[in-house]
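Chain by chain, the residues:
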Amino acid sequence: MSKPKVAVLLGGRSKEREISLVTGEEIYKALLQKNYPAFKIDLDENIVENLKKESPDVVFIALHGRCGEDGTVQGMLELLGIPYTGSGILASALGINKIVTKRIFKAEEIPTAGFRALTLRSFRAGKQEIIKDLLTDPGLPLVVKPANEGSTIGMSIIGEAEGLSEAIEMAFEYDKEVLVEQFIEGTEITVGVLGNEDPQSLPTLEIVYDSEMYDYETKYTKGMSNHIIPARIPEEHRKRAREMAIRIHEVLGCRGFSRADFIVSVDGTPYALEVNTIPGMTPLSLFPDSARAAGIEFPELVVKIVELALEERRPEQKP
Ligand SMILES: Nc1ncnc2c1ncn2[C@@H]1O[C@H](COP(=O)(O)OP(=O)(O)O)[C@@H](O)[C@H]1O
Ligand SMILES: [Mg+2]
């Protein structure tokens, strides 16, 4: 049987364009190495015509952030009838919004830091009151983040009351919804999940760094962070986090692959921060590193994700 023709969709307009170009290049090289007829395609306004011209059997979506990871590209591919890697429209759209994701975590009793969601209108209308409330519940220290950005863009960690209002204003420059959550002390880990109906978790990966948070620079500069696999926490805490990552994958309705970020407190509670429906796939990225620890080398991982994309969807999972 001949191998499916794979279009690696990369670039795009989001703030994470540069990362996408690296992720896409790595995926493209891996597919060629595995003898797949692969080609790269940049996400621009001619995307529909270009896809129709090339008519790939499957699209590998190597995009991050808005207009890529958020369900928009998934919707376009659904309309064109082209199978694609990773989650469908709904899970992608849910996963991109940290506030909506946390509301689902709460409803499903998945541990997550206490939080409040702010809209620009509500904040402007009752600034003083809101600041006062936040200082009591969840209380300092707090983390302020735009609901929809990735790679810590627009985020702040606030240890003292003074900086809070300013941090919220700054986050609103990136988004019309802002999340203010309790800062959790503990071990920062991430857990990858691979699969469709019967998803499997990858080994826990502990992230170690010197900077204040695992921000854009720390993530993408070689030597600024270290990955420790498995995480240096008791085996039973690791097990709990891996189970939680699978539950998150299922509860959001993810497909193919996903990666959930947690802070594990000393008592072993894995506080879920967010879920990434298209984890980074650069040479420095977390997901490929965890897969490698599970004995899945990068080219095999890429092939596996393509194969999962081509598996028949259950009727209720169509889009
Ligand atoms: N509630 C929190 N408690 C402690 N650290 C946090 C918290 N929220 C975020 N962080 C830190 O900020 C980083 C980025 O936050 P995250 O919500 O994963 O957003 P993104 O990865 O999309 O930028 C985390 O990896 C962690 O280092
Ligand atoms: Mg994260």
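Residues numbered from 1 in each chain as written. Chains lettered and ligands numbered in written order. Predicted model: local features only at pLDDT ≥ 70, side-chain atom pairs only at ≥ 80, totals over all residues.

### Focus: the overall build of the chain
Quick note on the threshold: Runs of H or I in DSSP of at least four residues are treated as helices and runs of E of at least two as strands, each being numbered from the N terminus. C-alpha atoms define the radius of gyration, and 2.2 Å times the number of residues to the power 0.38 defines the globule rule. Exposure criterion: with C-beta atoms placed from backbone coordinates, a residue whose C-beta has 20 or more other C-beta atoms within 10 Å is buried, one with 12 or fewer is exposed, and one in between is partly exposed. Here the contact rule is simple: place C-beta atoms from the backbone, and any two residues whose C-beta atoms are within 7 Å are in contact.
For the chain, the count of helices and strands is 12 helices and 13 strands. Whereas a compact globule of 319 residues would reach a radius of gyration of roughly 20 Å, the chain reaches 20 Å, a difference of no more than 12%. Taken over 319 residues, the chain has a buried fraction of 43%. Across the chain, contacts joining residues at least 24 apart in sequence account for 67% of those joining residues at least 6 apart.

### Concerning the nonpolar core
Convention followed: We define a nonpolar core as a collection of buried residues of the types Ala, Val, Leu, Ile, Met, Phe, Trp, Tyr and Cys that are connected via C-beta atoms lying within 7 Å of each other. Note that the domain bounds were set by an automatic or database domain assignment.
Membership of the largest hydrophobic core comes to 59 residues, with the highest contact counts inside it found for Val-8 and Leu-9. If one sorts the elements of this core by residue count, helix α12 (residues 298-310) sits on top with 6 residues. Of the domains in this structure, domain 1 (6-85) and domain 2 (94-111 + 184-317) are the two that each give at least three residues to this core. Residues in contact with Leu-9, not counting those within four places in the same chain, are Ile-41, Leu-43, Val-59, Phe-60, Ile-61, Ala-62, Leu-63 and Val-73. In terms of nonpolar packing, the next biggest core, distinct from the first, is built from 16 residues, Phe-115, Leu-118, Leu-142 and Val-144 among them.

### Description of the domain arrangement of the chain
What the domain assignment lists for the chain is domain 1 (6-85), domain 2 (94-111 + 184-317) and domain 3 (115-182). Once you take the C-alpha centre of each, domain 2 and domain 3 turn out to be 25 Å apart. Domain 2 puts 11 residues into the contact, and the matching count from domain 3 is 12 residues. Mapped by element, the contributors of at least two residues to the side of domain 2 that touches domain 3 are α5 (98-107) and α9 (216-220). A total of 3 residues in the side of domain 2 that touches domain 3 trace back to one element, the largest contributor, which is α5.

### Here's the deal with the packing of helix α1 (residues 17-33) against α12
Our working definition: Where helices are involved, their axes are fitted lines through C-alpha atoms of the stretch in contact, as for all axes, and angles between N-to-C directions lie from 0 to 180°. For classification purposes, an angle smaller than 35 degrees is called roughly parallel, one larger than 145 roughly antiparallel, one from 65 to 115 roughly perpendicular, and anything else oblique.
Where α1 meets α12, the closest approach of the two axes is 9 Å, and the angle between their N-to-C directions is 90 degrees. Judged by the angle between their axes, α1 and α12 are roughly perpendicular. Contact with α1, carried on its side by Ile-27, Ala-30, Leu-31 and Gln-33, involves Phe-298, Pro-299 and Val-302 of α12 and no other residues of that element.

### Quick word on helix α4 (residues 89-96)
Every buried residue belonging to α4 is among Ala-91, Ser-92, Leu-94, Gly-95 and Ile-96, and all of these are buried. In the core, the buried residues of α4 are packed alongside α3 (72-80), α5, α10 (235-252) and β13 (270-276).

### Digging into the sheet that holds strand β2 (residues 38-42)
Counted only if it meets this: For two strands to pair, DSSP has to find at least two bridges joining them.
On the basis of which strands lie adjacent, the open sheet formed by 3 strands has the order β2-β1-β3 and parallel pairing. Looking at the sheet topology across the chains shown, the edges are occupied by β2 and β3 (58-61). The mean angle between the axes of side-by-side strands here comes to 30 degrees, regardless of whether they run parallel or antiparallel. In terms of strand pairing, strand β1 (residues 6-10) meets β3 through 4 bridges, oriented parallel. Counterpart to Val-8 in the pairing with β3 is Phe-60.

### Observations regarding helix α11 (residues 286-293)
Of all the positions in α11, only Leu-286, Phe-287, Pro-288, Ser-290 and Ala-291 are classed as buried. Buried residues belonging to α11 abut β8 (187-194), β10 (205-209), β11 (225-228), β12 (257-264) and α12. Looking one or two residues beyond α11, the residue adopting positive phi is Gly-295, at roughly 90 degrees.

### Observations regarding the sheet that holds strand β6 (residues 156-158)
An order of β4-β7-β5-β6 is seen for the 4 strands of this open sheet, with the pairing classed as antiparallel. The sheet is open, and its two borders are formed by β4 (115-119) and β6, each paired with just one other strand. Direction aside, neighbouring strands of the sheet carry axes that sit 20 degrees apart on average. With 3 bridges joining them, strand β5 (residues 142-146) and β6 adopt antiparallel strand pairing. Bridged to Val-143 within β6 is Ile-157.

### What about the environment of Leu-284?
Position of Leu-284 among the secondary structure elements: in the loop between β13 and α11. Remark: the alpha-carbon pair of Leu-284 and Val-303, spanning 19 residues in sequence, is separated by 19 Å. Leu-284 has contacts with Tyr-220 and Lys-222, leaving out every residue within four places of it along the chain.

### Re the pairing of β13
Within β13, 7 of the 7 residues are buried, leaving the element largely enclosed by the surrounding structure. The pairing of β12 with β13 spans 6 bridges and is antiparallel. Opposite Ala-260, over in β13, you have Val-275 as the bridge partner. What sits between β12 and β13 in their antiparallel hairpin is a turn of 5 residues, with Gly-268 showing a positive phi close to 90 degrees.

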